[in-house]
Amino acid sequence: LFKKYNKPLFIEFVCASNFYENNNIIHRFINNFMDKKTKDMCLIADGVSYVTENILQKKYPCRKLIDKNLNDYYYNYYSTVEIKKNDYFKQSWSLDNKPEILMMVHVGFMDSNIKGQDSLIKIGKSLVDKGFKNFNITFVGDGKNKKDFEQLTKSLKLDQYINFIGNVSDKNEIFKILRKSHLFVFPTHVEGMPRAIIEAMASGLPCLASPVDGVPELIEDEFLIDYNDIEKYANKIIELYNNYDKLIEMSNRNFNKSLEYSADILSKRRKDFYTKLKNVKE
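How each quantity is defined
- Residues numbered from 1 in each chain as written.
- Predicted model: local features only at pLDDT ≥ 70, side-chain atom pairs only at ≥ 80, totals over all residues.
- Heavy atoms only, no water.
- 1 Å grid on protein atoms, 1.4 Å probe; cavity = no way out; pocket = protein on both sides within 12 Å on 5 of 7 lines; lining within 4 Å.
- Points joined across faces, edges and corners; volume = space filled by probe spheres on them.
- Helix = DSSP H or I, 4+ residues; strand = E, 2+ residues; numbered from the N terminus.
- Nonpolar A, V, L, I, M, F, W, Y, C, P; charged D, E, K, R; others polar.
- Buried < 20%, exposed > 50% of the residue type's maximum accessible area, 1.4 Å probe, protein only.
- Polar contact = N/O pair within 3.5 Å; in protein donor to acceptor, adjacent residues only side chain to side chain.
- Contact = heavy atoms within 4.5 Å.
- Axes fitted to C-alpha atoms, helices over the stretch in contact; angles between N-to-C directions.
- Parallel < 35°, antiparallel > 145°, perpendicular 65-115°, else oblique.

Engineer: Any chance you could break down the layout of surface pockets for me, citing the residues and the numbers?
Structural biologist: By volume, the largest pocket is sized at about 650 Å³. Phe 109, Lys 115, Glu 191, Arg 195 and Ala 196 are the residues nearest the centre of the largest pocket, which is lined by 29 residues in total. A total of three residues in the lining of the largest pocket trace back to one element, the largest contributor, which is helix H7 (residues 195–202). Of the residues in the lining of the largest pocket, the class split is 15 nonpolar, seven polar and seven charged.

Engineer: Describe the side chain of Thr 153, naming the residues involved and giving the relevant values.
Structural biologist: For Thr 153, the position within the fold is in helix H5 (residues 146–155). For Thr 153, a relative accessible area of 2% corresponds to the buried category. Engagement of the side chain of Thr 153 in a polar contact is seen with the backbone oxygen of Phe 149, the distance being 2.9 Å. Beyond its immediate sequence surroundings of up to four residues, Thr 153 is in contact with Ile 121, Leu 158, Asp 159, Ile 162 and Phe 164.

Engineer: Can you tell me about the packing of helix H8 (residues 230–242) against helix H9 (residues 244–258), naming the residues and giving the values?
Structural biologist: In the contact formed by H8 and H9, the axes pass within 4 Å of each other and the chain directions differ by 100°. Considered as vectors, H8 and H9 are oriented roughly perpendicular to each other. The residues of H9 that touch H8, namely those facing Leu 240, Tyr 241 and Asn 242, are Tyr 244, Lys 246, Leu 247 and Met 250. Here the residues of the contact of H8 with H9 sort into five nonpolar, one polar and one charged.

What follows is the structure, given as structure tokens:
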């Protein structure tokens, strides 16, 4: 439609197009259809910005990526996360102050299972079954599935280990919760470049997450675990608690990585992207 009326088309690509997880024929058809349309749009767009540095670009290349000599087309990458100087918090952990209770946290909407809350609850059950009971899991977020997650917690007899604090709209309050935690666990199913992980890293948190979409650009392979692999998550959590120096190392590494996503850096890229597009089309 844009090209039909000779209008420029610019795309901000924030997430991969896996719209449905259910493996039935209708959902597979819709996923494949939307995936193809997304690829086609990237190829005809005058400019594309990606939230990842490399991953989405490989699967959904724009014309400028295919032919670097095209001067009328442009691309860039930047996340939609907004982390300002005062948001950063470097943890001051040491081997001398290892916590008695490992405080884990998850942040995400609860309108579906996509963010992996049900997986994390089951991970909690696996920890208890393995005899590891010195932990607490805090869920931040709300949505129509919240009652289901609470019911799953009760049915697995995990009430003393898991608490739901609902929606927190104030970003400063979310950062306060993150800073009081020791480990961010995010067995998500689909992501672009997850802001929740970047904010956790900016709070100096070690992170375990699924190797989906842009997540591997943030977290080292050793700490990427498929959201269905409950036992592997549980074993890794126990391993990290028993090797607290590893958690400290992860904290420092993640904090330094998060500095690449500061508001100053991303704002400059965003401004550069739109300035160049404007100049190209004038």
